[in-house]
Amino acid sequence: MADKTELAIELKNISKSFGSVKANKNINLTLRKGEILALLGENGSGKTTLMNMLSGIYTPDSGSVFIDGQQVTISSPEDSVRLGIGMVHQHFKLVERFSAADNILIGAKNKGHFLLGKNRYKEIEDIADRFGFKIDAAKIVANMAVSEKQTLEILKVLYYGAKVIILDEPTAVLTVQEIKKLFDVLRKMKEEGHSIIIITHKLNEVMEISDRVAVLRKGEYIDTVETAKTNEKQLTELMVGRKIDLNIDHPRIEKTKPLLEIRNLSVNGDEGNLAVDKLSFYIRGGEVLGVAGIAGSGQKELCEAIAGLRKIKDGMIIHGGVNIAGLPPQKITEHGIAMSFIPEDRLGMGLAPSLSITDNVILKKYRKGKGPLVDRKTGRAEAQAIIKELDIVTPSTEIAVRKLSGGNVQKVLLGREIQSAPNVLITAYPVRGLDINSSYAIYDIINQQKLKGVGVMFVGEDLDVMMALCDKIMVICHGRLMGVVGTDKITKEEIGLMMTGVLNTVNAKEGKTAGIARDSALTAEEWEEGLEYAAERAYAEEDDASGERGRKAMTVARGRSTGSKRKEGADS
Amino acid sequence: MSDLELITLFVFNIVVYSIPLLYGTCGEIITEKSGSLNLGVEGTMAVGAIIGYIAGCRSNSFLVAILVSFLAASLVGALFAFFTVTLQANQNVTGLTITTLGVALYFFIGKGLSGMGKWPVLSSSDKMVKGFKNIEIPGLSSIKFVGKAFFTHNILVYAGVVMAIVLWIYIEKTSMGLKLRAIGENPAAADSLGVNVNLYKYIHIMLGSGIMGIGGLYMGLNMSGSFEGSNCWINGYGWIAIALVIFANWSTLRAIGGTFVFGFFNTLIYYNGPLANQFPHALGWLTKIPSQFYSALPFIITLIVLILSSVRKNSSSGEPAAKGINYYREDR
């Protein structure tokens, strides 16, 4: 055990409950001066709760906190700032509409700084310079990239004189290159004498950056180990509590012809910006197509457009030779396209949180029922089937979905979508916030679907997982296609470069444009005709809210697919 | 009356009718900048009006009237803050309750006093009358037309415009204003840097309500303090003020211009006849419109403004992002 004076922070027997949930149980933790401590644990293990007690957002129910050997009470963020603790939260605490400088100055004590002068930008830039950052202090946060925002958060923490810096999942939103840069910054801060706690559940990062690793499991403190004396396998066991196989299966089956073909798709975002920009790609049966991109690159808009939930500005979505762009969601479902989208708050889309599992299952198919009354019996049987098949832990089928744990909620959503026996499954962030076991269960479900010949589109966050699970990865940057690459032919670094728009491989292969199938369901002329018409419609009816868009294009395509016998195979 | 005299009088009255709206709007802007949507403007103005008026008459002091109306209204604001900040109650419901409560208090006090024959008459408080009388600004008031229309007003008119400018500087240019705006945009961000969010909210909700109260007092004095059992002095101005906040894009400077637009339509209620008589060829059609339409006009315009500003979506909107959302630090 290190000498007391060498400890920047010591936590003794910290407990914290929310209602009946014990988030932290008698946790002991030490942070040495000038070290990087990784705080490792699965989601829901209490990492963030523990750190929020250091940043003054929560106050512990019991236990004591020592800083530099002195016992302290942290009852507000103000106390925390004064004690030299700074935290970079996972969801940045920035005012989007303010400039970088103003975001930093929010907490400044007004000593002779009653008025906000024009020179404040220069002042902040000078301070940033001293810490080794280059920033544009007048830049508005809303216009910043994620990594810039993070830099600003770190600078903010340093500005208020933090000696201890806590970073909550800082790499979750960064590309490979940005992570490398961040780690360089952290190492530099460590050299300058700062003590750093980094919360994460990514083992490779723990191994790379930390000096020691403290592990939490289900709100309890497990152990602290020297990084140099451990390995990923041991850490996983500490984290999960038993041995686990970290390999993701990657079964292969013969791929079919393209099931879903998307050409030239443009979709507007909520703010009227172009969220998806002339995107072309296709999914074959029996393959998992990963969609990689920095958060907010148009993933959500793309999924919604395919499922018919968002108006399409331009382009075609061909399924079974028919253009389904602009059809209502119900019709698209009937085509056999199922979508499960897990938004950041997990419950926001797809499930009605207060309804039971049965009711949520019925939601998707009540129209098929006979008579005016809901057929709850069949619904219940189906709910039971899903529970059994996917190992959902629940006391009954009648419990409100929001009362289930995150993993089980996501299984219900995925299970319901699979139950409609789709031929195209679109799933976005299906393992968001899940622990390792549940994640692997979800990967298995996806693989099973793939083996059934379903075409799966997997919008993901974790590149390691996508590299292992997907057959191909499509990279988008600002809604634009950067390339579609086989996961066995590319490195994580290259994908990172594509995500930031530095590398574009759309035309890298001679005689083949990425995202355009050689054995397309339509001929080149049909595509051209359809797209031309869709574009005309889009131009003529810029603000037309009706779902009629591309109706003619659809008929054109349908006429071809049913009327004439199309050559099998290559058209272009 | 000559043409110019009538127009001067018309413009003069536009100013008279717009200033109480300016107080209400500025009060609501500073409240909303702290992230609180207080729909109780109407009630808050009513309380400030009647209590300030009675206190002023009783003490025969205009200054007391202003101070008491500010204090009474800010106490109503404190009630709103207690419910929404401390108890985390829904802001919309609380605001509506404040309106109901405030207007009810107004009638309760007013009817009670006039029923007992104790309603204070403005003319018997000579210092109140003197305090509210029009002041000619030396030099400026002698400018032709402009001087009569803009620079011979009562003290609250000048004070209102100065207040709007000072508030703008405070909100946009000072470090306290920066903290205030940060709370309205993202209270968690301000909190994490040690800003006392609840204190700021209390102070600015109370300050905003107090300012509304002075606007209410102005309206009462403008009606010469005569209490009728059927109509409240505020007469829906509080609601227009809330719409004006949106029209002014949360800027107290723009509120000055915005209130003039509404002042124009309010003045038209009384001046459509004279204007039509004076200019029978150009404006004769004004009298053909039923008077009820003129009374409804400010509210119709409010409706149109709200529709237009909801359609207009731009990033330069000054609307505080966290407006209407209660902040609780331990929220997960």
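Residues numbered from 1 in each chain as written. Chains lettered and ligands numbered in written order. Predicted model: local features only at pLDDT ≥ 70, side-chain atom pairs only at ≥ 80, totals over all residues.

**Considerations on the overall build of chain B**
What chain B contains, in helices and strands, is 14 helices and two strands. In terms of C-alpha radius of gyration, chain B reaches 20 Å, essentially the compact-globule figure of 20 Å for 332 residues. In terms of principal-axis extent, the alpha carbons of chain B reach across some 65 × 50 × 40 Å. Look at the contacts in chain B between residues 6 or more apart in sequence, and 77% of them connect residues 24 or more apart. (Helix = DSSP H or I, 4+ residues; strand = E, 2+ residues; numbered from the N terminus. Rg over C-alpha atoms; globule rule 2.2 N^0.38 Å. Contact = placed C-beta atoms within 7 Å.)

**Side note on the overall build of chain A**
Within chain A one finds 18 helices and 20 strands. Computed over C-alpha atoms, the radius of gyration of chain A comes to 26 Å, within 12% of the 25 Å expected from 2.2 N^0.38 for 572 residues, which places it in the range of a compact globule. Seen through its principal axes, chain A has C-alpha atoms that stretch 85 × 55 × 45 Å. Across the 572 residues in chain A, those meeting the buried criterion constitute 46%. In chain A, the proportion of contacts linking residues at least 24 apart, taken out of those at least 6 apart, comes to 69%. (Buried ≥ 20, exposed ≤ 12 C-beta atoms within 10 Å, placed from the backbone.)

**Here we look at helix 12 (residues 376-390) of chain A**
Residue and element names in this part refer to chain A. For helix 12, spanning 15 residues, the distance from its first C-alpha to its last is 21 Å, which sits close to the expected 21 Å at 1.5 Å a residue. Here helix 12 has its buried residues at Gly379, Glu382, Ala383 and Ile386. An end-on view of helix 12 places all buried positions within 105° of arc, on one side of the element. Along helix 12, exposed side chains directed more than 90 degrees from the buried face belong to Lys377 and Lys388. (Expected span 1.5 Å × (residues − 1). Arc of directions from axis to C-beta.)

**Quick notes on the sheet that holds strand 17 (residues 424-428) of chain A**
Residues and elements named next belong to chain A. In space, the six strands of this open sheet follow the order 16-17-18-13-19-20, with mixed pairing throughout. The sheet is open, and its two borders are formed by strand 16 (337-341) and strand 20 (480-486), each paired with just one other strand. Strand-to-strand twist in this sheet, taken as the mean axis angle between neighbours without regard to direction, amounts to 15°. Where helix 9 (residues 299-307) meets the sheet, it contacts strand 13 (288-292), strand 16, strand 17 and strand 18 (455-459), and its direction lies at approximately 150° from that of strand 16. (Pairing = 2+ DSSP bridges. Axes fitted to C-alpha atoms, helices over the stretch in contact; angles between N-to-C directions.)

**Observations regarding the pairing of strand 14 (residues 312-319) of chain A**
All names here are of chain A. Buried residues dominate strand 14, accounting for eight of its eight residues. The sheet contact formed by strand 11 (residues 258-268) and strand 14 spans six bridges and is antiparallel. Looking at strand 14, one finds that glutamate 261 is bridged to isoleucine 318. With two bridges joining them, strand 14 and strand 15 (residues 322-323) adopt antiparallel strand pairing.

**Observations regarding the sheet that holds strand 15 of chain A**
Picture the strands of a sheet paired through backbone hydrogen bonds; they go either parallel or antiparallel. Residue and element names in this part refer to chain A. A sheet is described by the order of its strands in space; here four strands give the open sequence 12-11-14-15, paired in antiparallel fashion. In the strand order of this sheet, the two ends are held by strand 12 (274-284) and strand 15, each with one partner. Contacts from helix 9 reach strand 11, strand 12 and strand 14 within the one sheet, and its direction differs from that of strand 12 by about 60°.

**What about the interface of chain B and chain A?**
Counting residues at the interface gives 19 residues for chain B and 20 residues for chain A. Where the side of chain B that touches chain A is concerned, the elements lending two or more residues are helix 8 (175-185) and helix 9 (187-192) of chain B. In terms of residue class, the side of chain B that touches chain A is made up of eight nonpolar, five polar and six charged. (Nonpolar A, V, L, I, M, F, W, Y, C, P; charged D, E, K, R; others polar.)

**Examining the domain arrangement of chain A**
Residue and element names in this part refer to chain A. Per the domain assignment, the segments of chain A are domain 1 (4-240) and domain 2 (258-336 + 422-563). Put simply, the middle of domain 1 and the middle of domain 2, counted by C-alpha atoms, are 37 Å apart. In this assembly, eight residues from domain 1 lie in contact with 11 residues from domain 2. (Domains from an automatic or database assignment.)

**Focus on the confidence of the model for chain A**
The pLDDT averaged across chain A works out to 84; a share of 91% of its residues lies at or above 70. The model gives residues 543-572 of chain A a pLDDT under 50, and that stretch makes 49 contacts with residues more than four places away or in other chains. (pLDDT = per-residue confidence, 0-100.)

**Observations concerning the packing of helix 7 (residues 155-173) of chain B against helix 12 (residues 252-278) of chain B**
Residues and elements named next belong to chain B. Their axes nearest at 7 Å, the elements helix 7 and helix 12 cross at an angle of 150°. As judged from the angle between their axes, helix 7 and helix 12 are roughly antiparallel. Contact residues: Val161, Ala164, Ile165, Leu167 and Trp168 in helix 7; Thr252, Leu253, Ala255 and Ile256 in helix 12. For the contact of helix 7 with helix 12, the residue count by class is eight nonpolar, one polar and no charged. (Parallel < 35°, antiparallel > 145°, perpendicular 65-115°, else oblique.)

**Details of helix 1 (residues 47-54) of chain A**
All names here are of chain A. For helix 1, the tally of buried residues reaches eight of eight residues, placing the bulk of the element in the interior. Buried within helix 1 are the following residues: Lys47, Thr48, Thr49, Leu50, Met51, Asn52, Met53 and Leu54. Positive phi shows up at glycine 56, right after helix 1, with a value of about 85°.

**Overview of unusual backbone geometry**
Of note, the phi angle at A:Asn264 is positive, near 60°, even though the residue is not glycine. Even without glycine at this site, B:Phe145 takes up a positive phi of about 60°. On the secondary structure map, B:Phe145 appears in the loop between strand 1 (135-136) and helix 6 (146-150). C-beta crowding within 10 Å serves as the criterion here: with 12 such atoms nearby, B:Phe145 is assigned to the exposed category.

**Here's the deal with the environment of B:Ser123**
Within the secondary structure, B:Ser123 is located in the loop between helix 4 (91-115) and helix 5 (126-132). Each C-alpha atom, one on B:Ser123 and one on B:Gly225, is 9.0 Å from the other, the two residues being 102 residues apart in sequence.

**Concerning the pairing of strand 12 of chain A**
Residue and element names in this part refer to chain A. Burial analysis of strand 12 places eight of its 11 residues in the buried class, which makes it a mostly covered element. Pairing analysis gives seven bridges linking strand 11 to strand 12, with the strands arranged antiparallel. Residue pairing across strands places glutamate 261 opposite tyrosine 282, the latter belonging to strand 12.

**A few points about the environment of A:Ile57**
Mapped onto the elements of the fold, A:Ile57 is located in the loop between helix 1 and strand 4 (62-67). Taking the C-alpha atoms as reference points, A:Ile57 and A:Pro77, 20 residues apart in sequence, are found 6.1 Å from one another. Aside from chain neighbours lying at most four places away, what touches A:Ile57 is A:Asn52, A:Pro77, B:Arg329 and B:Glu330.

**Notes on the confidence of the model for chain B**
A residue-level look at chain B finds 98% of positions with pLDDT of 70 or above and a mean pLDDT of 92. Across the interface, the model reports ipTM at 0.88; the global pTM reads 0.80.

**A look at the packing of helix 3 (residues 62-86) of chain B against helix 4 of chain B**
Residues and elements named next belong to chain B. At their nearest, the axes of helix 3 and helix 4 sit 10 Å apart, and the two run at 150° to each other. Considering the angle they form, helix 3 stands roughly antiparallel to helix 4. Crossing of helix 3 over helix 4 shows right-handed handedness. For the pair helix 3 and helix 4, contact is made by Val76, Leu79, Phe80, Phe83 and Thr84 and by Gln91, Thr94, Gly95, Ile98 and Gly102, respectively. Residue composition of the contact of helix 3 with helix 4, by class: five nonpolar, five polar and no charged. (Left-handed = near helix turned anticlockwise from the far one by under 90°.)

**Quick notes on the environment of A:Ile140**
As for its placement among the helices and strands, A:Ile140 is situated in the loop between helix 4 (120-130) and helix 5 (146-159). Contact partners of A:Ile140, with chain neighbours within four places excluded, come to A:Arg97 and A:Ser99.

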